[in-house]
Each structure stands twice: as structure tokens, then as C-alpha cells.
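Okay, here's what each chain looks like letter by letter:
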Amino acid sequence: MLTRSPTQPTGQMPRAVTPNLFWTGGCLSIEYQGQLAHGHFSTYVVLGSEKSMLVDTGHAVHWQKSAKDVEEFLDGRPLDYVFLTHGEFPHAGMVAHWLKKYPNAIAVGNVPEYPLYYPHLADRIRMIKAGDQISLGDRNMVFVPAIWKDLATLWAFDDKDRMLFVSDGFAFLHYHKAGQCDYLTSETPPPEVPLIQFFNERALRWTRYTDARLTFPDIEEMLNRLKPRLIAPAHGGVIDTVEATIPLLKAGMMMGASGAEAVVGRAPPKTAGAAKA
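Remember, predicted model here, so these are calculated numbers, not experimental data. (Residues numbered from 1 in each chain as written. Predicted model: local features only at pLDDT ≥ 70, side-chain atom pairs only at ≥ 80, totals over all residues. Heavy atoms only, no water.)

Caption draft 1: Representation of the pattern of salt bridges within the structure. If you walk through the whole model with that rule in mind, you get 13 salt bridges. In this structure, aspartate 69 engages lysine 65 in a salt bridge whose closest nitrogen and oxygen atoms are separated by 3.0 Å. Of the two residues, aspartate 69 and lysine 65 both sit in helix H1 (residues 63-74), four residues apart, roughly one turn of that helix. Residue arginine 139 is joined to aspartate 138 by a salt bridge in which the shortest nitrogen-to-oxygen separation is 3.1 Å. For arginine 139, a relative accessible area of 2% puts it in the buried group. Taking the relative accessible area as the measure of exposure, aspartate 138 reaches 30% and is therefore partly exposed. Because the salt bridges share partners, they merge into one network encompassing Asp138, Arg139, Asp158, Lys160 and Asp161. (Salt bridge = Lys/Arg side-chain N within 4 Å of Asp/Glu carboxyl O. Helix = DSSP H or I, 4+ residues; strand = E, 2+ residues; numbered from the N terminus. Buried < 20%, exposed > 50% of the residue type's maximum accessible area, 1.4 Å probe, protein only.)

Here it is in C-alpha cells:
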């Protein structure tokens, strides 16, 4: 059995970040400016007093390991919900495998195409929207509108432990050094802005062509309202230094495409503000 007590980093996932937050999945390598960098493909389990929820289904290359890790962490408890943050492969592509392994589990998300992909599972894939919430017993998973996103995406917020799950948002690569894949941001040097940009230019391609500062008021409104203690991205380490890390992530969003720069010295137009959870 994997311990549910918070564990120290070992260099590789899985890791129990808190007794109620389990982090598994893995990293894939990519060459960046002559060095080997790693990108996370993370899967999380939120364990409530009555129910449990998987956040994102993970990459296929990590399936067998992640399935074993989750089973050991649950220690005989069922997996009740599989939250698909959006329909892209690393976030929802393994849903049929999880629903087969846990025949009473329900998949939830804003993925109207998925019952067409899996008609035999259509009665186990339920649509949700921003503002909906699911009780896990001692905590609710509240679904909030994604701001830094790819495709039609939802984020989720654990209202007890104040953990925000942000899918493709808040992402960054890290250099491949021993003992870093399962580090929290407080346990490793701060993310480098070029590595944030490198990821965003590929996963959030709109950052190449738009002034990302337009999104900053909505991000600030959400963070001020929810006050997350932890931020859990699919592609990056778990962020436990929120105030220190947000400026770096904003800088990585602003850098634009190769050869393109965000407009400098001019305030972005005002926005209407984030939709309420």
C-alpha cells in the first residue's frame, strides 16, 4: 500500500502531496537548447471522506504505472469519478481504461463528443459546467471556468484543502536532473521563464498571437476569490509557492512566439472579469 501521509520527493512520481491529494503520471523528455528537459503528464486523485475523484486520465505511456499507483493509494476504496478537464488525449484519452478498471465510476466533464466516441459508455459520461459541484463527503469539487486553456476546458477547486486543478494552465517544463520530477515548487529552483514560454507556445498556441495580459485581470480575480493553497497543473510541478510563482507564469505567457513579443509599455484593454464559480 502507498502511504496516504505526505511524502518527501523521491525524484519520480507517485507522491502523496497531502493525505487527500495523490500525484501520479510521469514525465516525457524533450530537447531544449541542447539540454534534456522534462514535461509532466500528471494525474491526480482527490480523496474525500466518502468519494474519490481522478483529475485527468493521463498519458497512455504511463497507464499501467498510474493504474497501479491509484489502486494502491485507494487501498480497497473505489474510484468514483473521473474528471475530464477537456477532450485532448492526455486529459481524457484514457477514460475508457479507467471506467473499465472501475466499473461503477462516472466520468464528468464538458466533453459532449465523448459519448459519440464511446457509445457503450454513454450512460457513464455526464456533462458538467462551470458552477456545478460534486460532493466527495468532507469536501466539494467545484468546477470553475478555465482562463489559460486549450479547447473547451474546465478547472476544478477542492473547497476544503483549497487546491486548484488547472489542466494546461500554469504549465512549465523543468531540466532533467535527478530528483526533480515530483518536486513541489518550494523544493526546486523557480521555473525559468523561457521554459514556460516553450511549453505555452506548443500547448496554448494562442499565446503566440495575442496579448496574454488581457487574461490577467480574470486570473487575479479568480485567485483572489478562491485563495488556493496549492495549484496542480497537468504539465508542471505542484505549485505551493503561489504568490512567488504567478509572476513568472505571467511573464512566460507574455513572451509570445519565436520572434514575436507582447506589446510593451501599453496597458491591455479592460475585460469584463472572470465568470463566477
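Back to the write-up after that little detour.
Caption draft 2: The arrangement of helix H6 (residues 216-226) in detail. Among all positions of H6, only Phe216, Asp218, Ile219, Glu221, Met222, Leu223 and Leu226 are buried. Packed against the buried residues of H6 are strand E9 (140-145), strand E10 (154-158), strand E11 (163-165), strand E13 (230-232) and helix H7 (242-254). Once H6 ends, the next one or two residues include lysine 227, with phi positive near 50°. (Contact = heavy atoms within 4.5 Å.)

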